[in-house]
Amino acid sequence: MPGRLGGTRARAAQGHPRREGLFAVRAKICGVSANDRPTGQPSQTYDSAFLKACRREPVPHTPVWFMRQAGRSLPEYRKVREGTAMLESCMRPDLVTEITLQPVRRHGVDAAIFFSDIVVPLKAIGIDLDIKPGIGPVVAQPIRRREDLAQLRDLTPDDVPYVTEAIGMLTGELGSTPLIGFAGAPFTLASYLVEGGPSRNHEHTKALMYGDPQLWADLLDRLAEITSAFLKVQIEAGVSAVQLFDSWVGALAPADYRRSVMPASAKVFDSVASYGVPRIHFGVGTGELLGLMGEAGADVVGVDWRIPLDEAARRVGPGKALQGNLDPAVLFSTTEAVETKTDEVLAAAAGLEGHVFNLGHGVLPTTDPEALTRLVDYVHTKTQR
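An account of the accompanying structure is given in this report. (Residues numbered from 1 in each chain as written. Predicted model: local features only at pLDDT ≥ 70, side-chain atom pairs only at ≥ 80, totals over all residues. Heavy atoms only, no water.)

Moving on: the pattern of salt bridges. Under the counting rule described, the total for this entry stands at 22 salt bridges. Between Arg259 and Asp256 there is a salt bridge, and its shortest N-O distance comes to 2.4 Å. With Arg259 and Asp256 both in helix α12 (residues 254–260), this residue pair falls three residues apart, about one helical turn. We classify Arg259 as exposed; its relative accessible area is 54%. Asp256 gets classed as buried once you look at its relative accessible area, which sits at 12%. Taking the shortest distance from any N to any O, the salt bridge between Glu311 and Arg315 comes out at 2.8 Å. (Salt bridge = Lys/Arg side-chain N within 4 Å of Asp/Glu carboxyl O. Helix = DSSP H or I, 4+ residues; strand = E, 2+ residues; numbered from the N terminus. Buried < 20%, exposed > 50% of the residue type's maximum accessible area, 1.4 Å probe, protein only.)

With that settled, the discussion passes to the pairing of strand β9 (residues 355–359). For a regular strand, side chains alternate in direction, first toward one face of the sheet and then toward the other. When you tally the buried positions in β9, you get five out of five residues, the bulk of the element. Across the two faces of β9 the burial is the same, with His355, Phe357 and Leu359 and Val356 and Asn358 all buried. The β-α-β motif built from strand β8 (residues 321–326), the intervening helix α16 (residues 335–348) and the parallel element β9 has right-handed crossover chirality. (Right-handed = clockwise from strand over helix to strand, strands pointing away.)

This brings us to the packing of helix α8 (residues 161–174) against helix α11 (residues 213–237). With their axes 9 Å apart at the nearest point, α8 and α11 run at an angle of 30° to one another. Comparing the axis directions of α8 and α11 gives the class roughly parallel. Relative to α11, α8 is oriented so that their crossing is right-handed. Facing Val163, Thr164 and Ile167 of α8, the residues of α11 in contact are Phe230, Val233, Gln234 and Ala237. When its residues are assigned to classes, the contact of α8 with α11 shows five nonpolar, two polar and no charged. (Axes fitted to C-alpha atoms, helices over the stretch in contact; angles between N-to-C directions. Parallel < 35°, antiparallel > 145°, perpendicular 65-115°, else oblique. Left-handed = near helix turned anticlockwise from the far one by under 90°. Contact = heavy atoms within 4.5 Å. Nonpolar A, V, L, I, M, F, W, Y, C, P; charged D, E, K, R; others polar.)

For the rest of this paragraph, the subject is helix α9 (residues 186–195). Across the 10 residues of α9, 10 count as buried, placing the element largely inside the fold. Among all positions in α9, only Pro186, Phe187, Thr188, Leu189, Ala190, Ser191, Tyr192, Leu193, Val194 and Glu195 are buried. Looking one or two places after α9, you find Gly196, whose phi comes out positive at around 90°.

This part is about the sheet that holds β9. What the seven strands build is an open sheet, ordered β1-β4-β5-β6-β7-β8-β9; its pairing is parallel. The open sheet is flanked by β1 (112–113) and β9, the only strands paired with a single partner. Both β8 and β9 contribute to a ladder of five bridges, which runs parallel. Bridge pairing links Leu326 to Leu359 in β9. Sitting on the sheet, helix α13 (residues 262–271) touches β5 (241–246) and β6 (279–283), and the angle it makes with β6 is about 155°. (Pairing = 2+ DSSP bridges.)

The next thing to look at is the nonpolar core. Among the nonpolar cores identified, the biggest contains 124 residues, and Phe50, Leu152 and Leu219 are the most heavily contacted of them. Among the elements that line this core, the one with the most residues is α11, at 13 residues. Not counting chain neighbours up to four residues away, the residues in contact with Phe50 comprise Pro63, Trp65, Asp110, Ala111, Pro178, Ile180, Ala241, Ile280, Gln323 and Val356. (Core = buried A, V, L, I, M, F, W, Y, C linked by side-chain atoms within 4.5 Å.)

Okay, the pairing of strand β3 (residues 136–139) next. Sheet topology note: the strand β2 (residues 129–132)/β3 ladder contains four bridges and is antiparallel. In the sheet register, Lys132 faces β3, and the bridge partner there is Gly136. Where β2 folds back onto β3 in an antiparallel hairpin, the turn is made up of three residues, including Gly134, whose phi is positive at roughly 80°.

Another point: helix α17 (residues 369–383). End to end, α17 covers 22 Å across 15 residues, agreeing with the expected 21 Å (1.5 Å per residue, within 8%). Burial within α17 is extensive, with 11 of its 15 residues counted as buried. Listed in full, the buried residues belonging to α17 are Pro369, Ala371, Leu372, Thr373, Leu375, Val376, Asp377, Tyr378, Val379, His380 and Thr383. Where α17 begins, the capping side chain belongs to Asp368, and its oxygen is found 3.0 Å from the backbone nitrogen of Glu370. (Expected span 1.5 Å × (residues − 1). Polar contact = N/O pair within 3.5 Å; in protein donor to acceptor, adjacent residues only side chain to side chain.)

Here we take up the packing of aromatic side chains. Under the definition given, this model contains five aromatic pairs. Between Tyr77 and Phe115 the ring centres are 5.9 Å apart and the planes differ by 65°, which places this aromatic pair in the edge-to-face class. Residue Tyr77 is located in helix α4 (residues 75–80), and its partner Phe115 is located in the loop between β1 and α7 (120–124); the two are separated by 38 residues in the primary sequence. When its relative accessible area of 5% is taken as the criterion, Tyr77 is described as buried. For Phe115, a relative accessible area of 5% translates into the label buried. Where Phe182 meets Phe245, the ring centres are 5.5 Å apart and the plane angle is 80°; that geometry is what we call edge-to-face. (Phe/Tyr/Trp six-rings, centres within 6.5 Å; stacked < 30°, edge-to-face > 60°.)

Omega for the bond connecting Gly324 with Asn325 falls within 30 degrees of zero, at -5°, which places this linkage in the cis form. Residue position: Asn325 is located in strand β8. Here the phi dihedral of Arg68 falls at roughly 60°; this positive angle occurs in a residue that is not glycine. Relative to the helices and strands, Arg68 resides in the loop between α3 (49–54) and α4.

Encoded structure:
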């Protein structure tokens with residue numbers, strides 16, 4: 001019946017098209033082309049539900065998108081990626097465009113997120129790294145001494161022409177559907193660079209942060225410059241919002257975050273403030289850091305599934321929208337359980353100044369895509385105003 005996860009998809013026809021051809025039609029109606037886009041806030045997406053929620057304005061329904069919505073949970077993604085390494089796929093505009101559009105067509109989400117990886121700008125400036133299947137980014141020469149900083153040169157638009165090209169292709173296809181750009185936050189990038197790869201305890205990272213605070217500050221400052229440049233490329237190419245992923249920052253105590261990490265994150269947010277696009281900040285296990293993460297300069301604070309959104313709002317304080325925060329593992333349960341947990345998220349968000357529905361982390365690789373499609377329909381129908 002309407003309103004259930006297994007119910008009507010009428011809203012897809014009304015404002016959430018899934019067929020590829022409709023994007024081209026929408027682009028023509030909006031007068032969008034790859035060569036005719038304003039920088040900063042794209043005009044054709046300004047009144048979208050997603051951007052209104054980010055600006056804490058009234059919305060026709062709660063907007064929905066998912067971190068890692070373009071990825072391994074989709075059979076069409078696995079097919080198009082066959083035989084292509086992750087970093088190579090991030091550098092091919094045709095693949096980036098197709099992969100970014102796939103979940104918008106299938107799920108009817110309110111925003112697309114640019115398909116890339118947080119280490120792409122590091123690779124682009126010459127860092128010897130690769131993304132190993134089943135492991136993640138692996139760095140050949142970890143940065144642990146001052147002389148190692150020489151690896152981190154400035155990033156320019158000429159280093160990432162494939163990003164500009166892909167965003168031009170995407171904005172032409174997406175029309176009034178916003179495209180979210182993103183980058184890795186300085187702390188998380190530093191953790192990969194110092195550890196040499198993913199880490200459970202971040203022992204080398206913390207040893208450097210505590211043992212040589214000046215080298216640590218210089219490392220994060222350089223990464224803030226690189227990250228800022230990468231976000232500026234995306235904004236100037238036409239993305240409607242940006243998200244800063246600080247995946248590992250939840251490993252820190254608040255005092256350490258404020259002293260050793262927050263200045264670099266704030267520098268990134270400050271660097272793109274003049275563009276006027278919403279800035280989203282997200283980390284995992286950051287319940288104790290939410291207030292500081294908002295203070296760093298984000299317009300929207302992402303919340304994982306560990307605390308309810310109303311409590312998150314209390315910690316963040318006024319003047320910020322929130323994003324989140326259904327536990328990704330809930331999608332493996334029954335339809336009724338997914339509905340119940342979704343209702344809990346929506347109830348906790350009822351008093352927020354602005355709310356973007358998302359998971360509390362990325363889509364898990366073995367998630368049933370139909371569960372995501374049903375969830376989008378359910379949230380749209382449940383919150384239609």
